[in-house]
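For reference, the chains in residue letters:
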Amino acid sequence: EDQVTQSPEALRLQEGESSSLNCSYTVSGLRGLFWYRQDPGKGPEFLFTLYSAGEEKEKERLKATLTKKESFLHITAPKPEDSATYLCAVQAPRDSGYALNFGKGTSLLVTP
Amino acid sequence: DTAVSQTPKYLVTQMGNDKSIKCEQNLGHDTMYWYKQDSKKFLKIMFSYNNKELIINETVPNRFSPKSPDKAHLNLHINSLELGDSAVYFCASSQENRGNTIYFGEGSWLTVV
């Protein structure tokens, strides 16, 4: 069974203080690793999909990387508006409907 | 236009009642989902459905049933509501292929009293 573990559970950063969020995964065969952002009272918002080790994707201050066992979401010079819960997920196979199996998330707070 | 919309956003009801949450997507996707997010914010798949088959997470009680009148809609029916059913329920959709992106609705907050 797919397993996704995210760390830390919560992270507090000063504005401009770069850091990384970790997502460790165990799957029988990676079909895709997804990062989402969730703001309070909202649904998860898609950020990135990574498919193979060595792949990297960037969007503004966020950069996602992937190895065979984990993914990192690097946040460079964060701003208060980056405060949110960041969710990592792996995609189940077709016989499970391609559903996403999520980790428990990292709650990020960026203070001015 | 909202891509995945669900109603109601908030629902407070008594134990034992039967309720439904509606979901519609205008993305032309062929696969829809229901997820449950508990009080600890853990997001867990309940159902996956496309026009061919329904896949049910085995941990979901049979009091929960998805119903799809057409490809753009997947409603969630819940019978005999229990206190433990209180959670946020998210509808989502995607296009079936490897690595498809799943888009989520804004959530429906269900409180059972």
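Above this note sits the structure.
Attention in this report is confined to the structure presented alongside it.

Attention shifts here to the overall build of chain B. A tally of regular secondary structure across chain B gives zero helices and eleven strands. In terms of overall size, chain B behaves like a compact globule, its C-alpha atoms giving a radius of gyration of 13 Å where 113 residues would be expected to give roughly 13 Å. Projected onto its principal axes, the C-alpha coordinates of chain B cover approximately 40 × 30 × 30 Å. Burial analysis of chain B (113 residues in total) assigns 47% to the buried set. Within chain B, contacts between residues at least 6 apart in sequence are counted, and of these 55% link residues at least 24 apart. Entry remark: accessible area of chain B is about 5,700 Å², with carbon and sulfur atoms responsible for 49%. Seen as two clouds, the 12 positive and the 12 negative side-chain charges of chain B have centres 4 Å apart.

Moving on, we get to the packing of aromatic side chains. Scanning the model with the defined rule gives twelve aromatic pairs over all chains in all. Between F34 of chain A and Y36 of chain A the ring centres are 6.5 Å apart and the planes differ by 20°, which places this aromatic pair in the stacked class. Classification of F34 of chain A as buried rests on a relative accessible area of 0%. Consider the rings of F90 of chain B and F104 of chain B, whose centres lie 6.5 Å apart with planes at 85°: the pair is edge-to-face. In this pair, F90 of chain B is assigned in strand β9 (residues 87-94) and F104 of chain B in strand β10 (residues 103-104), connecting sequence segments 14 residues apart. Grouping residues by exposure puts F90 of chain B and F104 of chain B together as buried. An aromatic cluster is built from F34, Y36, F46 and F102 of chain A together with Y33, Y35, F90 and F104 of chain B, whose rings are joined through pairwise contacts. Residue placement shows K104 of chain A over the ring face of F42 of chain B; its charged tip is 5.7 Å from the ring centre.

This part takes up the environment of P61 of chain B. Secondary-structure assignment places P61 of chain B in the loop between β6 (54-56) and β7 (64-67). The spacing of P61 of chain B and N79 of chain B is 18 residues in sequence and 9.9 Å in space, taken between C-alpha atoms.

Looking now at the state of the cysteines. This model, assessed by the stated rule, comprises two disulfides over all chains. Shown here is the disulfide that connects C23 of chain A with C88 of chain A, its sulfur atoms set 1.9 Å apart. On the S-S bond that ties C23 of chain A to C88 of chain A, the torsion sits near -65°, and the link is left-handed. Placement of C23 of chain A in strand β3 (residues 19-26) and of C88 of chain A in strand β9 (residues 84-91) is noted, with a sequence separation of 65 residues between them. Owing to a relative accessible area of 0%, C23 of chain A belongs among the buried residues under this scheme. Take C88 of chain A: its relative accessible area is 0%, and that puts it in the buried class. One disulfide in the model links C23 of chain B with C91 of chain B; its S-S distance is 1.8 Å. Classification of the bridge connecting C23 of chain B and C91 of chain B rests on its S-S torsion, roughly -80°, and on that basis the disulfide is left-handed. Of this pair, C23 of chain B sits in strand β3 (residues 19-25) while C91 of chain B sits in strand β9, and the two are 68 residues apart along the sequence. Exposure remark for C23 of chain B: the relative accessible area of 1% places this residue in the buried category.

Conventions used here
- Residue positions are given per chain, counting from 1 as you read along its sequence in written order.
- Working convention: letters from A go to chains and numbers from 1 go to ligands, in the order in which they are written.
- Side-chain atom pairs in this predicted model are given and counted only at pLDDT of 80 or more, local residue features only at pLDDT of at least 70, and totals for whole chains, interfaces and linings cover all residues.
- With hydrogens and water set aside, each side-chain value is computed from the structure's full complement of heavy atoms.
- Secondary structure is summarised from DSSP: a helix means a run of H or I of at least four residues, a strand means a run of E of at least two, and numbering begins at the N terminus for each.
- For the radius of gyration, the atoms used are the C-alpha atoms, and the globule rule reads 2.2 Å times the number of residues raised to 0.38.
- For the exposure calls, accessible area comes from a 1.4 Å probe over protein chains only, and a residue counts as buried if that area is under 20% of its type's maximum, exposed if over 50%, partly exposed in between.
- Working rule for contacts: check all heavy atoms of both residues, and any pair within 4.5 Å makes them a contact.
- Residue exposure ignores everything except the shown protein chains as possible cover, and the areas themselves are Shrake-Rupley values with a 1.4 Å probe.
- In this count, Lys and Arg are taken as positive residues and Asp and Glu as negative ones, while His and the chain termini are left out.
- Taken as the charge location is NZ of Lys, CZ of Arg, CG of Asp or CD of Glu.
- Aromatic contacts are taken between Phe, Tyr and Trp rings whose centres are within 6.5 Å, Trp giving its six-membered ring; a plane angle under 30 degrees counts as stacked, one over 60 as edge-to-face, and the others as tilted.
- Look at NZ for Lys and CZ for Arg. If either is within 6 Å of the ring centre and within 35 degrees of the ring normal, a charge sits over the ring.
- In this description, the term disulfide denotes a pair of cysteine sulfurs within 2.5 Å.

By themselves, these are just geometric observations and shouldn't be taken as functional.
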